[in-house]
Amino acid sequence: METNVFSVSLAKNPAITINITPGHFTTNNAHTNNYLDVSNLKSNTAIAMDVAQEFAIPYVSNTFVDTIVCMEKMEVIGAYLAQSLSQDGNSVSTGNKIYVVSPISNAYGNLIFPTSVVEWIAGKSVLLLMASISSGRTLSGGIECINYYGGKLVGVSALYLASNVRSDMTIYPLFTSEDIPGYKLYSTNECELCKNGVKLDAIISSEGYTKLQ
Ligand SMILES: [Zn+2]
């Protein structure tokens, strides 16, 4: 399945590239025919800084930010975004101390914040950063969690957004499914690949993928 890997780059900054592996993959709630590898964007600090600068653009001039909530291992980008928003001379958040925090899953699989960080959510202006929004379920969980702790969600940014996802929030993605030729996401029961007897290649998680064969 790794023989046909291809990449898609951001037109305005080709250093920002995602690698795409065609195959048959499952997430915890959907199947897809492409695995999108965004780990370089999250972990390569030079690229993460470029990504943060792109993420900052819609917020700089009009969105005050206290806290950045990172899901799906977005903390490195989150830290650079905090720096960008708090230090850019044109930013409405300039000079503000911006906190970067991540929710954790409790024993029941619900997202919670440790008591020690709740003060940075309650009553604060919160940005939500995600790696990949494909079905919208993880996004909903993040928004519910921020609302539960009394945060005021002022924006959502993601490395990737599937075009069919609907949300009350405006989402700012770097890439969408329209950038990826042939991309398909199926609900688990309606997967065309499964119907055609194609075996699953791997399980996708926020850590990467794990091969099944
Ligand atoms: Zn399938």
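Please read these numbers as outputs of a predicted model, since none were measured by experiment.

Chemist: Help me out: how do you make sense of the side chain of Glu 72 in this one?
Modeler: Mapped onto the secondary structure, Glu 72 falls in the loop between strand E4 (67–70) and helix H3 (75–87). Although Glu 72 is buried, it forms no salt bridge, and the closest oppositely charged side chain is Lys 42 at an N-O distance of 6.3 Å. One polar contact links the side chain of Glu 72 to the main-chain amide nitrogen of Ala 131, over a distance of 2.8 Å. With sequence-adjacent residues up to four places away left out, Glu 72 is seen in contact with Lys 42, Met 130, Ala 131, Ser 132, Thr 138 and Ser 206.

Chemist: What should I look at first to understand the sheet that holds strand E5 (residues 99–101) in this one?
Modeler: Picture the strands of a sheet paired through backbone hydrogen bonds; they go either parallel or antiparallel. Pairing in this open sheet of 5 strands is parallel, and the strands run E5-E4-E8-E9-E10 from one edge to the other. Of all the strands in the sheet, just E5 and strand E10 (171–176) have a single pairing partner and so form its edges. In this sheet, adjacent strand axes meet at a mean angle of 15 degrees when their direction is disregarded. The strands touched by helix H2 (residues 45–60) are strand E8 (125–133), strand E9 (152–161) and E10; relative to E9, the strand with the most contacts, the crossing angle is about 140 degrees.

Conventions and cut-offs
Here, residues in each chain are numbered from 1, in the same order as that chain's written sequence. Predicted model: local features are reported for residues with pLDDT of at least 70 only, side-chain atom pairs are reported and counted for 80 or more only, and whole-chain, interface and lining totals are derived from all residues. The side-chain numbers reported here are obtained from all heavy atoms of the structure, hydrogens and water having been left aside. Per the convention used, a helix needs a DSSP run of H or I reaching at least four residues, while a strand needs a run of E reaching at least two, with both numbered from the N terminus. Partly exposed residues are those whose accessible area sits between 20% and 50% of the maximum for their type, while under 20% is buried and over 50% is exposed, using a 1.4 Å probe and protein chains only. A residue counts as positive if it is Lys or Arg and as negative if it is Asp or Glu; His and the chain ends are not included. Here, a salt bridge means any Lys or Arg side-chain nitrogen found within 4 Å of an Asp or Glu carboxyl oxygen. Identification of polar contacts relies on pairs of N or O atoms within 3.5 Å, with a donor-acceptor requirement for protein atoms, meaning one able to donate a hydrogen and the other able to accept it, and with residues adjacent in sequence counted only if both atoms are side-chain atoms. Note on definitions: a residue-residue contact is assigned when non-hydrogen atoms from the two residues lie within 4.5 Å. Only strands that DSSP links by at least two bridges are regarded as paired with each other. For every element, the axis is a line fit to its C-alpha atoms; helices are fit only across the contacting stretch, and the angle between N-to-C directions ranges from 0 to 180 degrees.

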